[in-house]
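Summary of structural features
Here is what each chain is made of, one letter per residue.
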Amino acid sequence: VQLQASGGGLVQAGGSLRLSCAASGRTFSNGAMGWFRQAPGMEREFLTCINGRGGSTSYADSVKGRFSISRDNAKNTVYLQMNSLKPEDTAVYYCAARIGSDCAPQISRYVYPYWGQGTLVTVSS
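These numbers were taken from a predicted model, which means no experiment stands behind them. (Residues numbered from 1 in each chain as written. Predicted model: local features only at pLDDT ≥ 70, side-chain atom pairs only at ≥ 80, totals over all residues. Heavy atoms only, no water.)

1. Description of the overall build of the protein chain
Scanning the protein chain from terminus to terminus reveals zero helices and eleven strands. Overall, the protein chain shows an N-to-C arrangement of helices and strands of β-β-β-β-β-β-β-β-β-β-β. Against the globule reference of 14 Å for 125 residues, the protein chain gives a C-alpha radius of gyration of 13 Å, in line with a compact fold. Taking all 125 residues of the protein chain together, 44% fall into the buried category. (Helix = DSSP H or I, 4+ residues; strand = E, 2+ residues; numbered from the N terminus. Rg over C-alpha atoms; globule rule 2.2 N^0.38 Å. Buried < 20%, exposed > 50% of the residue type's maximum accessible area, 1.4 Å probe, protein only.)

Structure representation (structure tokens):
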């Protein structure tokens, strides 16, 4: 399974970005997908996940109400819409894929064995 994240960049506080994660190599629609991020000097944190069919999601408190995850199984792509961005959202953002179809709000390479390369989001104040 290969995951390619894109869409990062520099944005001012209060602005928006949409990240994309294109998947290839297996049946995309079966597996849950997640977004994570890692800020400099910090541990990687869970942000959000979506189940295989896209009907169930989960969000970390830090992004609830500002970020939205969605997926288009026909395009083998999952999205992260980020609104009302803050300087503390600055980080490298990663997408990851599960084999199982259920959303899993946790960080574990056992739970999410497939990871993209990350895309940098920088929010200026």
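Text resumes after the structure shown.
2. Looking at the state of the cysteines
As enumerated under the stated definition, the model contains two disulfides in all. The disulfide bridge from cysteine 21 ends at cysteine 95, spanning 2.1 Å between sulfur atoms. The S-S bond linking cysteine 21 to cysteine 95 shows a torsion near 65 degrees; that makes this disulfide right-handed. Remark: cysteine 95 occurs in strand 9 (residues 91-97) and cysteine 21 occurs in strand 3 (residues 17-24); sequence separation between them is 74 residues. By relative accessible area, which is 0% here, cysteine 21 ends up buried. The residue that forms a disulfide with cysteine 49 is cysteine 103, at a sulfur-sulfur distance of 1.7 Å. A torsion of 80 degrees about the S-S bond marks the disulfide between cysteine 49 and cysteine 103 as right-handed. One end of the pair, cysteine 49, is in strand 5 (residues 45-50); the other, cysteine 103, is in the loop between strand 9 and strand 10 (114-115), and 54 residues separate them in sequence. Judged by relative accessible area, which is 18%, cysteine 103 ranks as buried. The connectivity of the disulfide bonds within the protein chain can be written as 1-3, 2-4, using the sequence rank of each bonded cysteine. (Disulfide = S-S within 2.5 Å.)

By themselves, these observations are geometric and do not establish any function.
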